[in-house]
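Tertiary structure, described
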Amino acid sequence: DSGVTQTPKHLITATGQRVTLRCSPRSGDLSVYWYQQSLDQGLQFLIQYYNGEERAKGNILERFSAQQFPDLHSELNLSSLELGDSALYFCASSVGTGIGQETQYFGPGTRLLVL
Amino acid sequence: AQSVTQLDSHVSVSEGTPVLLRCNYSSSYSPSLFWYVQHPNKGLQLLLKYTSAATLVKGINGFEAEFKKSETSFHLTKPSAHMSDAAEYFCVVTSSRGGSTLGRLYFGRGTQLTVWP
């Protein structure tokens, strides 16, 4: 158990809908990262937050947004969902800003199925 | 730019035989390298990481990897495979520099390891 929690574990929804995925980092970790794992694209970095502020951005669609709250939990909002958004969404956390050798600890993931 | 190539999408071995999972990386700066494992329906677990202190890195569950700068490789090995090693393995690179992409991990496409009894 990494100490990173994600809810829900599974989510089934329809195209055009909006969902929110939640992540609680390990105690003491200030950075939260979101990754998407799909058969087509593999594991891709979406976005990083550090202590409430956006730190780095990857291949995140404009329909997706995220935020990190004062208690350091994070939410990933996915809107106008398309079939291709079906994937496993991972959250990870690390102690600091994630520079270099800092280890990222991964949650169990949320499996999203868009029908 | 950073990238990782895992040379085999599938590797099959018999229990008790050695495991070799190959990884080549590309990095504009001094890389940090990791191997993560993903068991079915589980999250990603860190196996080991290269911290530049030693080129031979020992990880959990008997795995180790050797950083070879001249070959830009970071292959993962284990002397004797166990049934519980069956999983997907990801080679990952990041960099200590990089501006707006600081801290992001770049994943390989993964190698599925099958262990036969």
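Residues numbered from 1 in each chain as written. Chains lettered and ligands numbered in written order. Predicted model: local features only at pLDDT ≥ 70, side-chain atom pairs only at ≥ 80, totals over all residues. Heavy atoms only, no water.

1. Observations concerning the overall build of chain B
Short version of the rule: Put simply, DSSP H or I for four residues or longer makes a helix, DSSP E for two residues or longer makes a strand, and each gets a number counted from the N terminus. Note that the radius of gyration is over C-alpha atoms, with the globule rule given as 2.2 Å times the number of residues to the power 0.38. Working rule for contacts: check all heavy atoms of both residues, and any pair within 4.5 Å makes them a contact. A residue counts as positive if it is Lys or Arg and as negative if it is Asp or Glu; His and the chain ends are not included. By convention, charge coordinates are those of NZ in Lys, CZ in Arg, CG in Asp, or CD in Glu.
When its secondary structure is counted, chain B shows 0 helices and 12 strands. Mapped in sequence order, the helices and strands of chain B form the string β-β-β-β-β-β-β-β-β-β-β-β. Since a compact globule built from 117 residues should have a radius of gyration of about 13 Å, the 14 Å found for chain B is in line with a globular shape. Seen through its principal axes, chain B has C-alpha atoms that stretch 45 × 30 × 20 Å. Considering only intrachain contacts with a sequence separation of at least 6, the fraction spanning at least 24 residues in chain B is 59%. Computed over 10 positive and 7 negative side-chain charges, the inter-centroid distance for chain B is 10 Å.

2. Some remarks on the state of the cysteines
Operational definition: The disulfide criterion is simple: two cysteine sulfur atoms within 2.5 Å. With a 1.4 Å probe rolled over the protein chains alone, any residue whose accessible area is under 20% of its type maximum counts as buried; one over 50% counts as exposed, and the rest are partly exposed.
In the structure shown here, the tally under the stated rule is 2 disulfides over all chains. Here Cys23 of chain A pairs with Cys91 of chain A through a disulfide, and the sulfurs are 1.7 Å apart. Between Cys23 of chain A and Cys91 of chain A the disulfide shows an S-S torsion of about -45 degrees. By sign, it is left-handed. Here the residue Cys23 of chain A occupies a position in strand β3 (residues 19-24), and Cys91 of chain A occupies one in strand β9 (residues 87-94), the gap between them amounting to 68 residues. Of the two residues examined, Cys23 of chain A and Cys91 of chain A, each falls in the buried class. Through a disulfide, Cys23 of chain B is tied to Cys91 of chain B; the S-S separation comes to 2.0 Å. With the S-S dihedral at roughly -65 degrees, the linkage between Cys23 of chain B and Cys91 of chain B falls on the left-handed side. Of this pair, Cys23 of chain B sits in strand β4 (residues 23-26) while Cys91 of chain B sits in strand β10 (residues 87-95), placing them 68 residues apart in sequence. Just as Cys23 of chain B is buried, Cys91 of chain B falls in that class too.

3. Comments concerning the interface of chain A and chain B
Our working rule: By convention, the term buried area covers the 1.4 Å-probe accessible surface removed from two parts as they join, with the contributions of both added. Salt bridges are identified by distance alone: a Lys or Arg side-chain nitrogen within 4 Å of an Asp or Glu carboxyl oxygen. Residues adjacent in sequence count toward polar contacts only when both atoms are side-chain atoms; beyond that, a polar contact is any pair of N or O atoms within 3.5 Å, and within protein one must be able to donate a hydrogen and the other to accept it.
At the interface, 29 residues of chain A touch 25 residues of chain B. Both faces combined, the contact of chain A with chain B buries some 1,900 Å², and carbon together with sulfur accounts for 52% of it. Inspection of the chain A/chain B interface yields 0 salt bridges. Where chain A packs against chain B, one counts 6 residue pairs in polar contact (both at pLDDT 80 or more). Broken down by element, the residue count for the side of chain A that touches chain B peaks at 4 residues, all from strand β5 (residues 42-50) of chain A.

4. Some remarks on the nonpolar core
As a reminder, the rule being used: By nonpolar core we mean a set of buried residues, namely Ala, Val, Leu, Ile, Met, Phe, Trp, Tyr and Cys, connected to one another through side-chain atoms within 4.5 Å.
Residues Trp35, Leu48, Phe74, Leu76 and Tyr89 of chain B are the most contacted members of the largest nonpolar core, which totals 27 residues. Looking at which element gives the most residues to this core, the answer is β10 of chain B, with 4 residues. Residues contacting Tyr89 of chain B, with those up to four places away along its chain left out, are Gln6, Leu21, Trp35, Tyr36, Val37, Leu47, Phe63, Leu76, Gly110, Thr111 and Leu113 of chain B. In terms of nonpolar packing, the next biggest core, distinct from the first, is built from 21 residues, Cys23, Ile47, Ile60 and Leu78 of chain A among them.

5. Quick look at the sheet that holds β3 of chain A
Residue and element names in this part refer to chain A. Filter applied, for reference: By this definition, two strands are paired if DSSP reports at least two bridges between them. The angle between two axes is taken between their N-to-C directions and runs from 0 to 180 degrees, where each axis is a line fitted to C-alpha atoms and a helix contributes only its stretch in contact.
Ordered by their spatial adjacency, 4 strands build an open sheet running β1-β3-β8-β7, and the pairing between neighbours is antiparallel. Lying at the two open borders of the sheet, with one neighbouring strand each, are β1 (5-7) and β7 (64-68). Here the strands of the sheet are splayed against their neighbours by 15 degrees on average, with no regard to which way each runs. As judged from the 5 bridges shared by β7 and strand β8 (residues 74-78), these two strands associate in the antiparallel manner.

6. Comments concerning unusual backbone geometry
Here the amide bond leading from Thr7 of chain A into Pro8 of chain A is cis, since omega sits at -10 degrees, within 30 degrees of zero. Phi at Asn51 of chain A is positive, roughly 50 degrees, even though this residue is not glycine. Residue Asn51 of chain A is classed as partly exposed on the basis of its relative accessible area, which comes to 48%. One non-glycine residue, Asn61 of chain B, lies in positive phi territory at about 60 degrees. Mapped onto the elements, Asn61 of chain B comes out in the loop between β7 (56-58) and β8 (64-68). Classification of Asn61 of chain B by relative accessible area gives exposed; the value is 52%.

7. A short note on the pattern of salt bridges
When the charged atoms of two side chains lie near each other, side chains of opposite charge can form a pair. All names here are of chain A. Summed over the entire model, instances satisfying the criterion amount to 6 salt bridges over all chains. Two residues, Asp29 and Arg26, come together in a salt bridge whose shortest N-O distance is 2.8 Å. Assessed through its relative accessible area of 1%, Asp29 is described here as buried. For the salt bridge of Glu82 with Arg63, the shortest nitrogen-to-oxygen distance reads 3.7 Å. With Glu82 in the loop between β8 and β9 and Arg63 in the loop between β6 (53-57) and β7, this residue pair connects regions lying 19 residues apart in the sequence. Here Glu82 falls in the partly exposed class, since its relative accessible area comes to 43%. Overlapping salt bridges bring together Arg63, Glu82 and Asp85 as one network.

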